[in-house]
Every structure is written in structure tokens, then in C-alpha cells.
Amino acid sequence: MKAFFTALFALFFGVMVQAQVLNPEPVTLDYYLPDNVTYNSQIPTPEEILGAQVGEWHVRHDQLVNYMYAVAEASDRVTIDEYARTYENRPLLMLTITSPQNHRNIESIKEEHLKLTDASVSDELDLSQMPVVVTMSYSVHGNEPSGTNASLAVVYYLAAAQGAEINQMLQNTIINVDPNINPDGLNRFAHWANTNKSKNVLVTDPQSREFDEEWPGGRTNHYWFDLNRDWLLMQHPESKGRVAKFHEWVPQILTDHHEMGTNSTFFFQPGIPSRTHPITPERNQALTGAIAEYHAEALDEIQSLYYSQESFDDFYYGKGSTYPDVNGSIGILFEQASSRGHAQESVHGILEFPFTIRNQVVTSLSTLASAQGLREELLANTREFYKEAAEEAADAPIKAYVFGEEADQARTKHLAEMLHRNQINVYELDRDYDDFKAGKSYVVPTNQKQYKLITAMFERRTEFTDSLFYDVSAWTMPYAFNLPFAELDGDYNNNMLGDEFTLADLELEGSLVGDEAQYAYAFEWDEYYAPRALNRLLARGVRAKVASRPFKSVIANGAKDFDYGTIMIPMGVQDDPEMVHDLMETITEEDGITVYELPTGLTPTTGMDLGSGNFEDLRDPKVAIIGGPGTSSYEIGEAWHLFDQRYHMAASIILAEEVGGTDLSRYNTIVTSGYGLSDSATENLKSWVRQGGTLIAYRYGANWAMSQDLADIEYVQSDNEEGEEDEAPKQRPYIKAGPDRGAQGIGGSIFNAKLDLTHPIAYGFNREDITVFRSSTTFIKKGDNPYSTPLYYTDDPLAAGYSNDENLERAKNSGAIVVSGYGGGRVIAMMDNPNFRAFWYGTNKLFANAVFFGHTISGGTTN
């Protein structure tokens, strides 16, 4: 192997020791690629298409696309496919690179390859004759650009290099190259880095503007989501297309190219062994270690510093380097010290952009070398993974999961969609089972090839070998969707299975019960898209009310009981009745809402008639979100995405630094999750709340609101903080300081909570038990006013994930949402993020209720 790398990686060596970079000369392809290889002159070089050398400028996405199509047109080794479009309409591409002979038989090769995942036939395959499949995915974080820029050199090498070695490698390998996973973020960052670059002297001062991106930066996609947490969740078009491509081939290796701090070196997996998910086979980690030897030898050859096994982990299955591990593949994380621009001072000298690119190129090629050297072992790993899954499924005590919510078809269908996109077979429940209704619930048999992934998505793990997590420690999907679910053992049989779920089943079914209303319409608030339906009405000037009490009303062919939160549209006060009729048809067809004609205002029993004051007037929400420095772009983006993509609502984003001079009277609802505001901004916001505004402050925003006396809340203190005498501190080894601190945190767990179903914050919920996502150790007491805490944690708070005992004790019966009065307005303090990563459908409505009904909360019920 040593001789192979000596030939393959005889690269020019550049040392980062300059004190400054004067008149920088762009490096040539020889810096990145082997110099003992001849290249096909018919294949265009990156410079010929871009007009600059790789690493001279940060490549824009349009330039990247142009180059990839140019190579595909020129080479019979390369085909190209657009697999998705981003929110900003940029194409996502996958290049398939292999020998011309393989391309002629690519469909039959793919069909044979996928048999590795079928335990009933995989033993019949001759692995010695099968090509190995490698997917290389670059720069899921837009401001970690060395990966994408490296893909230019890698694709050129694979398309143009000549000789027996490259021909043999291409014959034995199907290489799928995803040159950029996050085009929108990449373009934001490339624009920033290029527009702030000096041309004659590269400024290397870390404090220079080039290295200090404006908020929100280029890491994330259009709505500021981290796409490297979305592999399992698939809430965004980039991920849906990318994961579909993954399952089209089920590669043996998937590489995931990232960057880290400028003063770091280079990391490749394995990560910290104790932080590998227990479902991942030990064989996976052993092969990861074997692949690592190839990376080490390649980086030794060019004298690059690196490390492995000391950081990062393989626990959360929603990342690019771990999703493959639960799908019969090997995920490999690469982390390169980032220049963040074109050249920046570091503890190792001046770190130049081309140097960062070269390490990504070298490890891309060492990955392909490992795929050659370990080809049969890697193919066998995929086969054994699915054989073991079949054996475990056959003996599993849980034979199926059933889930569903009769009153909310959308949440139920969206969980079925997520499972389906993960290649899990989901079936409509064909007959009633306990509280689960046929046609309104779904069944997931466990005896299928994705058994391991099913287990990972439904398990409620609370015990772990390590108390530190790089990401979340739990993601039980029915909890995230707030859906009832059950584990079936002896009760399960195939007669429960109806039609298999497909994406066509996502279509929502609403209806109008009765005729065009002359007196009033009504619809209940249970459905997930009810806020979208209400927004359609309010935005068009329709007058609507919300029921603060249950009531019974005459409907077509009888009478119906309506619950808290029912929306009532009285027709006698409307300016344009025909428009209202049309909108009712729209919300039944597009939002899945069942609308009822109410022919009379007189209710059939003693109670609330339709003219009652217990129907609260609703206002059209005019929403502003406070963003910018001092706020989390993730949380602001999640709220923006919810308003725009799910509810079709306009929401203004105002930078925190501008709040002091902003005319807030344009808005009646303001959202903040930020760390703080200037004195002038705070006073402006306080004045606005006093005049009747609704402030929704969650996570750090709730802490800030408390510190400014806007939110009347109080922290739950630990025993020591409450004045108990401290015990003498126990001596601990210095090396344990970091892990000990980490074990005190809650990186991402699921907690049990209870709702007051009569409160406006809880409208549309039908069970008082709910599970919420928590990633903070800040707990607050219930409000002093007994009506002010619509959501609180139970006395057994941990549903899934990790938390130490001290945090669980503090969480018991503490407040999760507390409503305070402030002048004529309301401050709704939420301790958790109700919109986490867009997949926590189960608590989105808490947030929506604060927006639509916050102003209706009685002043006598607030703190």
C-alpha cells in the first residue's frame, strides 16, 4: 500500500509559514493531484471553465454546475443527474463516474447491487465480481467550502486521468459525486469571501472582515437550517432528493466533507468509540478503522497533521456520517481546519485556502484507494448488515408499531411520509385496534429489511454508555409528532394491514358538511393545517371568532359537539360573503379542513349561543421575528420556515440592532429567542407590549424577558443554590473536567409534559399528555397565578434521551410555558423550542396558538 500512495500522492508540498501573502500566485492542479499521471486533453480543466485555478477564488454554485456539465459532456466516464432543486431554485447534482463498460450496463449493475440489501437472495451474489459503490458528498455547510472546491479537482482527475491503475479502479467502482449539498449556503459564503478578498495582498488578520461573516452566515440553507441534521428527518428538498439518491444505490462508503476551527488540523473517523449508537454493528467501526489507515498514509505522505477517535461521534443517525451506518453503509466524516477565506493566520502558520482543498482531495482519493483494497469486505458488510437485520426482526418481541391521530390526518400522514422516505414499508390500518381507527392510523411491521432503522426511530432509550453527545440523544418519532402509538406483539397479524402508504396519500381530505352557510361556518382547530386555513381567512379580511368554551350546535342532519378553539365565521358581518364561500372551499380542498354549516345561532342545549361573548374576536396576525446577531439563526429560521412553508403567513424579520428605531406599531405579535437587546430596543419593545402587543419569548428569549421584568417567571434553583450547606468538593482528575461538565447538560432529550386543555395555548390538543423537545438545563417555576401555566413538566419528566438525576429533579412539575401580563399586552414565555428542526410537528401548534390566540388570554389569568 505504501508504494501505491507514493505513486498516487507525489504532490507538491506547500508549507504554511509565511508572515504575509504578497502577490499570491495561484496554485495549479499539480498541487492537488498526482504528477505522475497523464490526463486526457479532451476533458476541460477547472481553469478552462471557471477562468481561474482551483482555490484562487471561492467557486460559486453556478460555476460549479457549469464545470460539472462540461465534464459530463466531454467524458464517457461521467453521467450527470439533477436530483432536486433548492428553495432558491438552484440545482443539486449527482455525477456517476465509472468505466464506459459499466455505464453501458449501469441499470443491471444497480439492480444486482441492491440485492445486497435483500437477505433472501444476497448469499447468491458473487462479491468477487461486483463493483463497490462510493458516494462522495461535499460541503453540506456552505461556509465550509474546501470540500466543494476539492470536488472540482476530484472530478477532473476521475474523468481525465489515464493509465492502468485508474482504468482498473473505475472498472471496480461506481463513484457517485455530489459536488455540493447546500447550494444556497455555498453561494452566500462564496459571495462574502470573494467580495471581501484583496487581490494583490491577501489579508491574513483573523479580525479582518473577510473572516467575519454577517449574520446568518453561509452555513445553512435558505431558511437557515443545518442540512447535516436533516438526513433522517428529510424536511427540506435538498435532503429528500439526496436521501433518495442514497437509497437508489446504498453505497458501501459515503464521505462527508466538513471544516472546523482554523487552529485545528484534520480529523477523520472513527470518532469517540463510546459514543457510537448501539444499533451500529461493531463491524462497521472496525471497517471505519481499516479505511482510516489509508487516510493516515496519504496524509503522512504530504506531511499534513491529523487525528482520529478523539472527538465527534456516531450516535445521532440524522447526520451525513452516521445515516449510512444504520443503512448498511460506512459513513466517513472529514473535518479540515478552515481558512474561512483565502488565507488566515493560525497557530500552524498562515493557513491558505488551497492547502485546505488539497487535504480534502487527498482523502477523497484515499477513500477510493480503501474501496479498492477492502472491496469485498465492504460489499460483505452491506450484505451482513441486512442479513443480521432480518434475523433480528424474525426474533424481535415487537412485531409492529401502530400510530395515528383520528382528529389530525396531517401529522399522521407526515410521520408516514418520513418513514416511507426512509424506505420503511408503512400500511394503512385496515381494522380498528384499541383506540386506533381504521383508515386514520398506520401500521409499521418490524419484519422488513429496515428493521434496525425502524428500531432507531421508535425506541425510547434512556440508558447510555456515555453521557456526552455531539448532537441530540433522542428522536423517538411518534413523540416528535405528538401521536399516540403502540407496540404490537402477540396482537399483530397481517390482517391488520391495508394499502401500503405512498406519497400520493399525502393529499389531505376535507369536506363541507351542509351547504353554503347563510348564518355561520365553523371548523375545529385539531388539524395541523388549521392555522393555515385561518390565516387565509384573516388575511382576506374575513371576520372570525374562536370559541373559548365547548358548545353544541345544529349542523346538517343533526347536531355536533364542538371543542375549545373552534373557529366560527358569522356570515352576517362579512363584507364579501361570496369570497367567504370560496375560501371555505379552498380550505377544505387544500388544508384538509372539515367545515360545518351552522344554520342558526341558537344552540340546541342550554349553553353558549353563537352570539355569546365567549366567542373571542380574532385579529389578523402581523408578525415580526427579531433576528440578527445575538439570536440563533437556527431558531429564527425554524420560525420563518413554519410561517412561510407551512402556514403561508408573512413574517417580517427585524435585526435586533434595529429594534430600537423600528415602528413596532405595524405588528401585533413579536417573536424573540435571542440573548438580549440594547436599552433603547428594550424600551421600545416594552412600550409596544404595554399597548397590547403579544411577545412570544422562547428559549434564551424567555431568559432575557425575565431579566427585563417583561416575563414574571422565576428559576428553579438547585439544592446548593437554595442555600443548603455545600459538601466539601471531591477531588477529581483534571482530565475529567470536560466530560464532567458535559454530563451536566441536556444536549437534546424528550420530556413528558401536561397541558391545560382549556387554555388558549392548548387549543386543538385532545390529550393533556404531550412530549416536548428539551435542550436546556434552565427550569422555571409554575406561575404564581394558578391559571398562568398552560404547560408544565410531569413528576416523571424523562420520556427518552439523556439527563442526569439533578436536572430531572429540577424539572419535576416545573413550568414549560408561563403567560405574564404586561400593561395591556401578554408575554408568553416558552422554555423549549416548539419548532425544533421542522420535524417536531407535535408542538408547532403551541407556537401557532400563541400567535393567533395570545391576545385572547384573559388578564386575570396571567402572572
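Residue numbering note: each chain is counted from 1, following its sequence as written. In keeping with the predicted nature of the model, local features appear solely for residues at pLDDT of at least 70, side-chain atom pairs appear and are counted solely at 80 or more, and the whole-chain, interface and lining totals rest on all residues. Water and hydrogen atoms play no part in the side-chain values, which are based on all heavy atoms of the structure.

1. Quick look at the side chain of R646
Next up, step 1: Numbered from the N terminus, helices here are DSSP runs of H or I no shorter than four residues, and strands are runs of E no shorter than two. Structurally, the position occupied by R646 is in helix α18 (residues 633–646).
Next up, step 2: Nearest to the buried, unbridged R646 among oppositely charged side chains is E417, at 8.0 Å.
Next up, step 3: Among the polar contacts listed, one links the side chain of R646 to the side chain of Y841, at a separation of 3.2 Å.
Next up, step 4: Residues count as neighbours in contact if any of their non-hydrogen atoms are within 4.5 Å of one another. If sequence neighbours within four positions are ignored, R646 has contacts with Q235, Y528, Y529, R532, H641, A838, Y841 and N844. Exposure is judged per residue with a 1.4 Å probe applied to protein chains only, and the accessible area is read against the type maximum: over 50% gives exposed, under 20% gives buried, and values in between give partly exposed. All tallies of charge rest on Lys and Arg as positive and Asp and Glu as negative; His and the ends of each chain are not included. In the sections that follow, a salt bridge refers to a side-chain nitrogen of Lys or Arg positioned within 4 Å of a carboxyl oxygen of Asp or Glu. Each polar contact in these results corresponds to two N or O atoms within 3.5 Å; when the atoms are within protein, one needs to be able to donate a hydrogen and the other to accept it, and residues that are neighboring in sequence are counted only if both atoms are side-chain atoms.

2. Focus: the nonpolar core
Next up, step 1: Note on terminology: a nonpolar core comprises buried Ala, Val, Leu, Ile, Met, Phe, Trp, Tyr and Cys residues joined through side-chain atoms within 4.5 Å. Counting residues in each nonpolar core, the largest one holds 119 residues, and the members touching the most others are F403, F523, L534, I567 and I569.
Next up, step 2: Looking at this core element by element, the count peaks at eight residues for helix α23 (residues 841–853).
Next up, step 3: If we skip the residues at most four places from it in the chain, F523 touches A530, A533, L534, L537, T566, I567, I569, I587, I593, T594 and V595.
Next up, step 4: Judged by nonpolar contacts, the second largest core, of 66 residues, contains L50, V65, M68 and A298.

3. A word on helix α10 (residues 282–301)
Next up, step 1: Each residue after the first adds 1.5 Å to the expected span of a helix. Spanning 20 residues, α10 covers 30 Å between terminal C-alpha atoms, matching the ideal 28 Å at 1.5 Å per step.
Next up, step 2: When α10 is considered as a whole, its buried residues turn out to be N284, Q285, L287, T288, I291, A292, Y294, H295, A296, E297, A298 and L299.
Next up, step 3: Looking at the residues trailing α10, positive phi occurs at Q303, about 65°.

4. A short note on helix α16 (residues 530–539)
Next up, step 1: Burial analysis of α16 places nine of its ten residues in the buried class, which makes it a mostly covered element.
Next up, step 2: At its buried positions, α16 is contacted by β18 (520–523), β22 (567–570), α17 (577–590), α18 and α23.
Next up, step 3: Directly after α16, the chain includes G541, whose backbone phi takes a positive value near 85°.

5. A look at the sheet that holds strand β3 (residues 91–97)
Next up, step 1: The seven strands lie next to each other as β2-β3-β5-β4-β7-β9-β8, forming an open sheet whose pairing is mixed. Of all strands in the sheet, those with a lone pairing partner are β2 (78–85) and β8 (266–268), marking the two edges. Here the average twist between neighbouring strands, direction ignored, is 20°.
Next up, step 2: Examined bridge by bridge, β3 and strand β5 (residues 173–178) share three bridges and lie antiparallel to one another. Among the inter-strand pairings, I97 is bridged to a residue of β5, identified as I175. The criterion for strand pairing is that DSSP finds at least two bridges linking the strands in question. Every axis corresponds to a line fitted to the C-alpha atoms, with the helix fit spanning only the stretch in contact, and the corresponding angles, defined between N-to-C directions, vary from 0 to 180 degrees.

6. What about the environment of T356?
Next up, step 1: Positionally, T356 belongs in helix α11 (residues 353–373).
Next up, step 2: When the C-alpha atoms of T356 and F779 are compared, they prove to be 43 Å apart, with 423 residues separating the residues in sequence.
Next up, step 3: T356 has contacts with S146, E259, Q336, A337, S339 and L351, leaving out every residue within four places of it along the chain.

7. Describing the sheet that holds strand β29 (residues 749–755)
As a general point, the strands of a sheet are linked pairwise by backbone hydrogen bonds and lie either parallel or antiparallel.
Next up, step 1: One open sheet holds the nine strands; their spatial order is β26-β25-β27-β28-β33-β32-β31-β29-β30, and the pairing between them is mixed. Sheet topology places β26 (651–655) and β30 (769–774) at the edges, where each strand pairs with a single neighbour. In this sheet, adjacent strand axes meet at a mean angle of 25° when their direction is disregarded.

8. Focus on the pairing of strand β11 (residues 349–352)
Next up, step 1: As defined by bridge partners, strand β10 (residues 343–346) adjoins β11 across four bridges and the pair is classed as antiparallel. The residue of β11 that forms the bridge with A343 is E352.
Next up, step 2: Once β10 ends, the chain turns through two residues before running back antiparallel as β11.

9. Side note on the packing of aromatic side chains
Next up, step 1: Ring geometry is summarised as follows: Phe, Tyr and Trp rings, the Trp one being its six-membered ring, pair when their centres sit within 6.5 Å, and such pairs are stacked at plane angles under 30 degrees, edge-to-face over 60 and tilted between the two. Inspection of the entire model under this criterion finds 43 aromatic pairs.
Next up, step 2: The interplanar angle of 75° and the centroid separation of 5.7 Å between the aromatic rings of F315 and W475 together place this pair among those described as edge-to-face. Placement of F315 in the loop between α10 and β9 (330–337) and of W475 in the loop between α14 (451–458) and α15 (477–480) is noted, with a sequence separation of 160 residues between them.
Next up, step 3: Between F751 and Y793, the aromatic rings sit 5.7 Å apart at their centres with planes inclined by 75°, giving edge-to-face as the arrangement. You can see F751 sitting in strand β29 and its partner Y793 sitting in strand β31 (residues 791–800), a full 42 residues away along the chain.

10. Some points on the pattern of salt bridges
Next up, step 1: Tallying each qualifying case throughout the model produces 40 salt bridges.
Next up, step 2: Of the charged contacts, one joins K319 and D313 as a salt bridge, the two residues approaching to 3.5 Å between their closest N and O atoms.
Next up, step 3: K781 is the salt-bridge partner of E714, the closest N and O atoms lying 3.1 Å from each other. With E714 in the loop between α20 (700–707) and α21 (737–743) and K781 in the loop between β30 and β31, this pair connects stretches of sequence that are 67 residues apart.

11. Topic: the side chain of T45
Next up, step 1: Mapped onto the elements of the fold, T45 is located in the loop between β1 (21–22) and α2 (46–50).
Next up, step 2: In this view, T45 contacts L29, Y67 and Y156; residues no more than four positions away in its chain are not counted.

12. Notes on a negative patch on the surface
Next up, step 1: Candidate patch residues must exceed 30% relative accessible area and have no salt bridge, after which like charges are joined if within 9 Å and Val, Leu, Ile, Met, Phe, Trp or Tyr side chains if within 5 Å. Each accessible area value is a Shrake-Rupley result obtained with a 1.4 Å probe; residue values ignore everything except the protein chains displayed when judging cover. Charge positions come from single atoms, namely NZ of Lys, CZ of Arg, CG of Asp or CD of Glu. Together, D515, E516, D576, E578, D582, E585 and E589 make up a negatively charged patch on the protein surface.
Next up, step 2: Mapped onto the elements of the fold, E578 is located in helix α17.

13. Describing the environment of G318
Next up, step 1: By secondary structure assignment, the location of G318 is in the loop between α10 and β9.
Next up, step 2: Between the alpha carbons of G318 and T588 there is a distance of 34 Å; along the sequence they are 270 residues apart.
Next up, step 3: Once you skip the residues sitting within four places of it in the chain, G318 turns out to touch N228, R229, D230, W231 and L232.

14. Details of the confidence of the model for the chain
Next up, step 1: Looking at the chain, pLDDT values average 94 and 95% of them are 70 or higher.
Next up, step 2: Scored between 0 and 100, pLDDT is the confidence that the predictor attaches to each residue. Every residue in residues 1–19 is under pLDDT 50, and counting partners more than four places away or in other chains gives 53 contacts.

15. A closer look at unusual backbone geometry
Next up, step 1: Between W215 and the following residue, P216, the backbone shows a cis peptide bond with an omega angle of 10°.
Next up, step 2: Along the chain, Q269 connects to P270 via a cis peptide bond; the corresponding omega equals 25°.
Next up, step 3: Structurally, the position occupied by P270 is in the loop between β8 and α10.
Next up, step 4: Even without a glycine there, the phi angle at Q309 is positive, about 70°.
Next up, step 5: By the element assignment, Q309 lies in the loop between α10 and β9.
Next up, step 6: For Q309, a relative accessible area of 45% translates into the label partly exposed.

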